[in-house]
Amino acid sequence: SKCDYSLGLLQLTGAYSETWKVVRVRYLVAVFIFPLFYLPGANSIYESLGPYAPPYAFDLAIILYLQTIWCLATYITATLPVEIPIRTVIGRRPGKSEIVSGLKLSAWLLAASIGAAYALFLPLSYWVPTFVTFWFIETPDLVFFYDGSFPVLANLLNLLSLCVIAPILEEIGFRGLILHRWAHKYGLKSAILGSSFVFGILHPDPIGAFLFGVGMCILYLRYQSIIVPIVCHSIYNIVVWLIELGYIVAQGPEYEYTLETFQNEWPIGAVAITVTCVWALLYVRRYSYSMPWKLPAA
């Protein structure tokens, strides 16, 4: 009856409210951010590898170690003090057309990220070149080459980390847990901005990563499925990996991306900004979607 249905709906709503009321994602956020300043155990990893280990070995070991910590923190957040029903976070099973639509948005986000990186770091590269070199240029390699050789196992592990582990962990952590909790506490729109801000500061290009975080939130809301942002995040990272591989293939294994290279390639940023703006205008004029402003678990 209508009365029974209404009572069941109230019970579900109450369960949702009580569940996210006791979840404490502040600790998860701390675990994501704190390693930017200090990562316990990093010196031990360096010493265990020994002085003759190839340079990429330390980077790969640190990445996998960090992702292990994030995985444990995500699991603890999702199960203590109350176990979150994972199906409510994952949402529905998306269709192929929804995945394709998400990839189109991801392509726009890639152009926007490239443009944002140049808009932010190109002026700074002339004012504070040391900082830009440290923060943006000298990031860990995505593709490993050592003494002219291509270490297959190390690159496969790095690709697995970048394109499988990272998308799953980050989407479940930021969109599945942090977004839900902050939406319950602060409201959905504030949660989108807040979770995307934290996501942005974890990456070398904060503006581009912030825009990407907002885009993944939109996909999550629109399709009521975390599978769509996970797939889009994974494909996005694969494209970034292939771009770096393309540089190495074109320039040779000894190629090194420098601050001067970044400054000389400013036309790429100009093109990316132009494409982003034109694409956005055409998209807004052509499409108008009504999006459910609620999360799958709600």
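What counts as what
Residues numbered from 1 in each chain as written. Predicted model: local features only at pLDDT ≥ 70, side-chain atom pairs only at ≥ 80, totals over all residues. Heavy atoms only, no water. Core = buried A, V, L, I, M, F, W, Y, C linked by side-chain atoms within 4.5 Å. Buried < 20%, exposed > 50% of the residue type's maximum accessible area, 1.4 Å probe, protein only. Helix = DSSP H or I, 4+ residues; strand = E, 2+ residues; numbered from the N terminus. Contact = heavy atoms within 4.5 Å. Axes fitted to C-alpha atoms, helices over the stretch in contact; angles between N-to-C directions. Left-handed = near helix turned anticlockwise from the far one by under 90°. Nonpolar A, V, L, I, M, F, W, Y, C, P; charged D, E, K, R; others polar. Phe/Tyr/Trp six-rings, centres within 6.5 Å; stacked < 30°, edge-to-face > 60°. Lys NZ or Arg CZ within 6 Å of the ring centre and 35° of its normal.

Novice: Explain the nonpolar core to me, please; I cannot follow it from the model alone.
Specialist: Generally speaking, a soluble globular protein has its nonpolar side chains buried in company with each other. Counting 50 residues, the largest nonpolar core has Trp20 and Leu179 as the members making the most contacts within it. Top element by residues in this core is helix H10 (residues 206–223). It accounts for 9 residues. If we ignore the near neighbours within four places in the chain, the residues touching Leu179 are Phe174, Leu188, Ala191, Ile192, Ser195, Cys217, Tyr220 and Leu295. Tyr118, Val132, Phe136 and Phe262 belong to the second-largest nonpolar core, a separate cluster that totals 9 residues.

Novice: So what exactly am I meant to see when it comes to the packing of helix H8 (residues 152–186) against helix H11 (residues 227–251) here?
Specialist: Geometry of a packed helix pair, given as the angle between the helix axes and the separation of the axes. For the pair H8 and H11, interaxial distance at closest approach is 8 Å and the crossing angle is 150°. Our pair here, H8 against H11, has a crossing hand that is right-handed. Touching Asn155, Leu159, Leu162, Cys163, Pro167, Ile168, Glu170 and Glu171 of H8 are Pro229, Ile230, His233, Ser234, Asn237, Ile238 and Trp241, all from H11. By residue class, the composition of the contact of H8 with H11 is 9 nonpolar, 4 polar and 2 charged.

Novice: So what exactly am I meant to see when it comes to the packing of aromatic side chains here?
Specialist: Note on aromatic pairs: each is described by the distance of the centres and the angle between the planes. According to the stated counting rule, one finds 16 aromatic pairs in the structure shown. Pairing Phe212 with Tyr236 gives two aromatic rings, centres 4.6 Å apart and planes at 50°, and the pair type is tilted. With Phe212 in helix H10 and Tyr236 in helix H11, this residue pair connects regions lying 24 residues apart in the sequence. Since its relative accessible area comes to 13%, Tyr236 is described here as buried. Ring pairing ties together the aromatic residues Phe32, Trp70, Phe174, Phe199, Phe212 and Tyr236, which thus form one cluster. Seen from the ring of Phe199, Arg175 lies directly overhead, with NZ or CZ sitting 4.8 Å from the centre. A cation sits over an aromatic face here: Lys189 above Trp293, 5.4 Å from the ring centre.

On their own, these measurements won't tell you what the molecule is for.
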